[in-house]
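Summary of the model geometry
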Amino acid sequence: MSPYLLKKPNLIHKNLPSSEELPDSDETPVDYQLQDLLPHLLLSVLATIWAERMDWYFGVDMGIYYDPDQPAIVPDAFLALGVERIINDGLRLSYVLWEEEQLPILTLEVVSRKYRNEYSDKKDFYADLGILYYVIYNPYRRRLPSFEVYKLVGNHYEKLQGKSKQEPIWLPEIGLAIGVEHGTYQGISREWVYWYNESGDRYLTPEETNLQLKQKNQKYEDMLRSLGVDPDAI
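Not measured: the values here are computed from a predicted model. (Residues numbered from 1 in each chain as written. Predicted model: local features only at pLDDT ≥ 70, side-chain atom pairs only at ≥ 80, totals over all residues. Heavy atoms only, no water.)

1. Quick word on the overall build of the protein
Across its full length, the protein holds six helices and eleven strands. Taken across its 234 residues, the protein has 43% of its residues classed as buried. Within the protein, counting contacts between residues at least 6 apart in sequence, those at least 24 apart form 56% of the total. Of the roughly 13,100 Å² that the protein leaves accessible, carbon and sulfur atoms contribute 49%. (Helix = DSSP H or I, 4+ residues; strand = E, 2+ residues; numbered from the N terminus. Buried < 20%, exposed > 50% of the residue type's maximum accessible area, 1.4 Å probe, protein only. Contact = heavy atoms within 4.5 Å. Areas by Shrake-Rupley, 256 points an atom, 1.4 Å probe, with all protein chains shown as cover.)

Here is the structure:
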C-alpha cells in the first residue's frame, strides 16, 4: 500500500473514476527534444536489463493521478515497482494511485529554458506525496551541478552525493545506480543520463548492444575469410 493512500484511506473505498474515465494528457507538449529523448533512453535500457521482470513500470510524460479532485501531475518520467508492467492490450492511459495502490519510487524532471519550479514547488510536492527519489537534470547549469539526486528522509529531500562528481548514485531500493556521462544516443553525442550497476559499470543502450554484436560478427567473418572460408556459405 502506498504511503499516500494510507494518509487518505477514503480513496480506496470511494467510487472513484477509473483511468479510462480520466484525461490521459494535459495537452501540454514537451518544451524541447531532450525532455523526450532522455526518458526514452532510460526506458529502453530498463526494457533490456529487466526484460524478464513484469513487476515494474516506467512512465514517460504520463499523468499521475493522486487525488480525484485534483488534476494529474506530469513528471518527465517516473518509475514504479511492484506493479504490473502490462495491464491489458490498451496499456496504461495514465497512472492512477487508487487503482495501482503503489506510489512511484522515482520521478525525473528534465529542466528546460522554461523553468517549471523543479527546484521548489515540484520538489516539495513530490516530497509531500512520499516519492522516495527525485532526480533533476538541468543541462543549462554551468556553475551548479547539472545532475542531482534527492532521497526522501522523513518529510524532506536530502541530496545524495557520490564519492566523486562523476560517480553514479546507487539506489538500493531500486537495485540500480543512476548518473551522467558523455555518450551517443540516436546519433546525438552529448551528456546523457544512464543506468549503472552497483559496481558503477554503465548499462549499454540497445543501440550500443547492437553495435557490439555487429562488430563481433564482423570479426568472426573476417577470421573465417582469413582461413579461406566464405561465411555466407556456412
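Here the narrative resumes.
2. Topic: the nonpolar core
Grouped burial of nonpolar side chains is what soluble globular proteins tend to show. Counting 57 residues, the largest nonpolar core has L38, L79, Y95 and I174 as the members making the most contacts within it. In terms of residue count, helix 3 (residues 34-49) provides more of this core than any other element does, seven residues in total. (Core = buried A, V, L, I, M, F, W, Y, C linked by side-chain atoms within 4.5 Å.)

3. A short note on the confidence of the model for the protein
Here the protein averages 85 in pLDDT, and 80% of its residues register 70 or above. Model confidence for the protein, summarised as mean pLDDT per element, is weakest for helix 1 (residues 3-7) at 51 and strongest for strand 3 (residues 77-81) at 98. (pLDDT = per-residue confidence, 0-100.)

4. So, the sheet that holds strand 11 (residues 188-196)
Ordered by their spatial adjacency, three strands build an open sheet running 9-10-11, and the pairing between neighbours is antiparallel. Sheet topology places strand 9 (169-171) and strand 11 at the edges, where each strand pairs with a single neighbour. Taken pair by pair, the neighbouring strands of this sheet meet at an average axis angle of 35 degrees, ignoring direction. Of the strand pairs in this sheet, strand 10 (residues 176-185) and strand 11 are connected by nine bridges, and their pairing is antiparallel. Looking across to strand 11, one finds that E181 is bridged to W192. Set on the sheet, helix 3 makes contact with strand 10 and strand 11; between it and strand 11 the angle comes to about 45 degrees. (Pairing = 2+ DSSP bridges. Axes fitted to C-alpha atoms, helices over the stretch in contact; angles between N-to-C directions.)

5. Considering the pattern of salt bridges
What the rule picks out here adds up to eight salt bridges. As a salt-bridge pair, R92 and E100 come within 2.8 Å of each other at their nearest N and O atoms. One salt bridge in this structure joins K151 and E173, with 2.9 Å as the shortest N-O distance. In this pair, K151 is assigned in strand 7 (residues 147-153) and E173 in the loop between strand 9 and strand 10, connecting sequence segments 22 residues apart. Judged by its relative accessible area of 37%, E173 is partly exposed. Sharing partners across several salt bridges, the network here consists of R141, E148 and K159. (Salt bridge = Lys/Arg side-chain N within 4 Å of Asp/Glu carboxyl O.)

6. A look at a nonpolar patch on the surface
On the surface, M54, I86 and L91 cluster together to form a nonpolar patch covering roughly 300 Å² of accessible area. Assignment of secondary structure puts L91 in the loop between strand 3 and strand 4 (95-96). (Patch = residues over 30% accessible without salt bridge, like charges linked within 9 Å, V, L, I, M, F, W, Y side chains within 5 Å.)

7. A look at the sheet that holds strand 8 (residues 156-159)
Read from one edge of the open sheet, six strands run 1-3-5-6-7-8, paired in mixed fashion. Every other strand in the sheet has two partners, leaving strand 1 (56-60) and strand 8 as the edge strands with one partner each. Ignoring strand direction, the axes of neighbouring strands in this sheet form an average angle of 20 degrees. Summarising the sheet, strand 3 and strand 5 (residues 106-110) pair through three bridges and their orientation is antiparallel. Its bridge partner lying in strand 5, L79 is registered against L106. Strands in contact with helix 3 are strand 1, strand 3, strand 5 and strand 6 (133-137); relative to strand 1, the strand with the most contacts, it is inclined by about 165 degrees.

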